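Residues per chain, in single letters:
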Amino acid sequence: MHDKHNGQNPALPELRKRLRAGMARMRLNQTDLATRAGLGRTTVSEALSPAKPAPSPETVAALARALQLPVEELRELQRSAVEDTGGEARSVPGSPIGEWDPHDLEVHPAEPGDAVSGPRRSGTGTMPEYVRREHDRLLAGVVKDAAAGRSRAVVLVGGSSTGKTRACWEAVQPLAAQGWRLWHPFDPTRAQDALEDLPRVAPRTVVWLNEAQHYLGDRAAGERIAAAVHRLLVTVECGPVLVLGTLWPEYAARYKALPAPGEGDPYSRVRELLAGRVLTVPESFDAAALAAAAVLAEGGDRLLAGALSRVGADGRVTQDLAGAPELLNRYRHASPTAAAVLEVVMDARRLGVGLHLPQAFLTAAAAADYLTDTDYDQLTDDWAEAFAELAALVHGKQAPLRRTTPRTRRRPPVPHLAVHGPAPSAGGPVFRLADYLEQHGRTSRRHLCPPASWSRSIRRTVAGLGCCPFFLPLVMTSRGRCPAGSASRRPAGAGPWRASWGRAPSRRRSPCPAGGRTPGRPASSPGCTRAPCRTARPAPRTPAVRIVGALQLAGQELQLYVVLP
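Residues numbered from 1 in each chain as written. Predicted model: local features only at pLDDT ≥ 70, side-chain atom pairs only at ≥ 80, totals over all residues. Heavy atoms only, no water.

Engineer: Whenever I open this one, the sheet that holds strand β8 (residues 401-404) confuses me. Can you help?
Structural biologist: Paired through backbone hydrogen bonds, the strands of a sheet run either parallel or antiparallel to each other. Reading across the sheet, the 3 strands line up as β7-β9-β8 and stay open at both edges, with antiparallel pairing between neighbours. What marks the edges here is a single partner per strand, and that holds for β7 (357-358) and β8. (Pairing = 2+ DSSP bridges. Helix = DSSP H or I, 4+ residues; strand = E, 2+ residues; numbered from the N terminus.)

Written out as structure tokens, the structure reads:
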């Protein structure tokens, strides 16, 4: 590709040719190179782009060291390229909006994914369709003013993962078609980059101050950054520009608070900048937004469909979408003890046990069969490290497993059945699994049968609460499951408990799913790893089983502490 900035001097194309050859030799993409060189990904991209001017000497030196190339030779090429262009080594800040990936602007991905093997062209594959709300209408008005030639600034204020950054990204899309640029200052630090380059911002540029506390709250540079932004907005020659920022409510409150008499005022310029430029983003979707999201979900948006199935009527859709990838990563990379606790809860939930699970049950079941001997020998007595690991928050203020306090609902869906109330005596702390991990467990572990010790732990816990000790078998029977509970029901050499899981007996004969025997043959037949296949009548539906079935048909959540008559 023709290099726009090479003039008659071949130094700049030669510099980029050597850098790309070094990347190919070391099999690095731009993301890998940025990490090795300690540079921003945008910096690396611009250094290699034929459409950009020569990179700085510091950038060239860092890239040369990362690629094990001769530093002085490359710096000489850089000096020659700069001299040919009249000494202008840096262009105005930013790149065209259309060249940005929303995830590089800190829009949270909405689904788990593997490590990116190379630079992404677009982040739309990991984002759901956008649901516009009232604050989007107001933000669109600000953007329209900027497009008409009037410099504007707005800071979106809302809790963690309420959709602030995504709202900004969607709002600037009309400006992309008009040739606007977007600048996200972050290299070498957010505050330093903003302070150095704000005076060089060109007209028709979006200044992207996501997580604005890193700019405005910086003790050394925050007030000067606020002053520079204000000067940019009021200087006619600099406009039009659009400054977009995001803040959590606690930061906004801190910056806008007036100091007490006689005290210093560390945020005076920041407070002036925020005055009249704050737009609140609600914590949850209202009824209209939920209805719009449901229409998109019915139209095939699986990300929105999954989120709506988990959040119910509380409307915290954006928090669910933002936290889902990190929740799954926390499970995948959890310590053995923490992973064991999560898998106990997943198995309990998919078998119908209630939302709130006692710690005594979780630790007893996890220690019995969910840990290897090596991991078991390293256990601490109180499991404190595992529960602390699982309580750490991710985006959207979610945790994989959080301590909770059950409460009695004032208007239970089914009168006279206390299926939603607290247990008579929890006997210690109780915990609740994140909804996304519960849904993941129902899918990923649906073919796994919990060990016999899991059932025994349930029975002991239920008995300790003064509840019916036959609850779990009834739930399993009502769901058509027949636990391969005892060792006598598994053939010798059948392997771990994960290989055994049988359906409830049926009147109908069918070939053995294991392929090792025909119905009616004994379980010890060679090659079979399943519980005995036999022709039998269905288990009788006792009154208790019918009650469980009726609760399920009514859509009620079966709780651990249900007391059956």
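Engineer: It is not clear to me how the nonpolar core should be interpreted in this structure. Could you clarify?
Structural biologist: Proteins that are soluble and globular tend to have nonpolar side chains buried together. Residues V341, V344, F361, L362, L401, L437 and W454 are the most contacted members of the largest nonpolar core, which totals 36 residues. Breaking this core down by element, the ones donating at least two residues are α16 (317-332), α17 (336-350), α18 (359-369), α20 (384-391), β9 (430-433), α21 (435-444) and α22 (452-464). (Core = buried A, V, L, I, M, F, W, Y, C linked by side-chain atoms within 4.5 Å. Buried < 20%, exposed > 50% of the residue type's maximum accessible area, 1.4 Å probe, protein only.)

Engineer: Explanation requested: unusual backbone geometry in the structure shown.
Structural biologist: For the peptide bond that leads from D187 to P188, omega is 10°, which places it in the cis range. Turning to its location among the elements, P188 is positioned in the loop between β3 (181-183) and α9 (190-197). Cis rather than trans, the peptide bond between G239 and P240 has omega equal to 5°. For P240, the location among the structural elements is in the loop between α11 (222-234) and β5 (241-247). In the Ramachandran plot, Q68 falls in the positive-phi region, its phi being about 60° despite a non-glycine side chain. When you line up the elements, Q68 lands in the loop between α4 (57-66) and α5 (71-84). Relative accessible area serves as the criterion here: at 57%, Q68 is assigned to the exposed category.

Engineer: Looking at this structure, I do not really get the environment of A434. What am I missing?
Structural biologist: Mapped onto the fold, A434 is located in the loop between β9 and α21. Considered as a pair, A434 and L342 are 92 residues apart in the sequence and their alpha carbons are 9.8 Å apart. Dropping the residues within four chain positions of it, A434 is found in contact with L327, A399 and P400. (Contact = heavy atoms within 4.5 Å.)

Engineer: So what exactly am I meant to see when it comes to the pairing of strand β2 (residues 152-157) here?
Structural biologist: The side chains of a regular strand alternate between both faces of the sheet. Of all 6 residues making up β2, 5 are buried, and the element is well covered by its neighbours. Of the pairings in the sheet, the one linking β2 to β5 comprises 6 bridges and is parallel in character. When the bridges of β5 are listed, V157 appears paired with L247.

Engineer: I keep staring at the pattern of salt bridges and nothing clicks. Help me out?
Structural biologist: Once their charged atoms are close, side chains differing in charge can pair, the charge on each being opposite to the other. With the rule as written, the count across this model stands at 19 salt bridges. For the salt bridge of R166 with E170, the shortest nitrogen-to-oxygen distance reads 2.8 Å. Taken as a pair, R166 and E170 lie in helix α7 (residues 164-171) at a separation of 4 residues, close to a single helical turn. Neither residue differs from the other here; R166 and E170 are each classed as buried. Close ionic contact of E343 with R445 constitutes a salt bridge, the shortest N to O distance being 3.8 Å. (Salt bridge = Lys/Arg side-chain N within 4 Å of Asp/Glu carboxyl O.)

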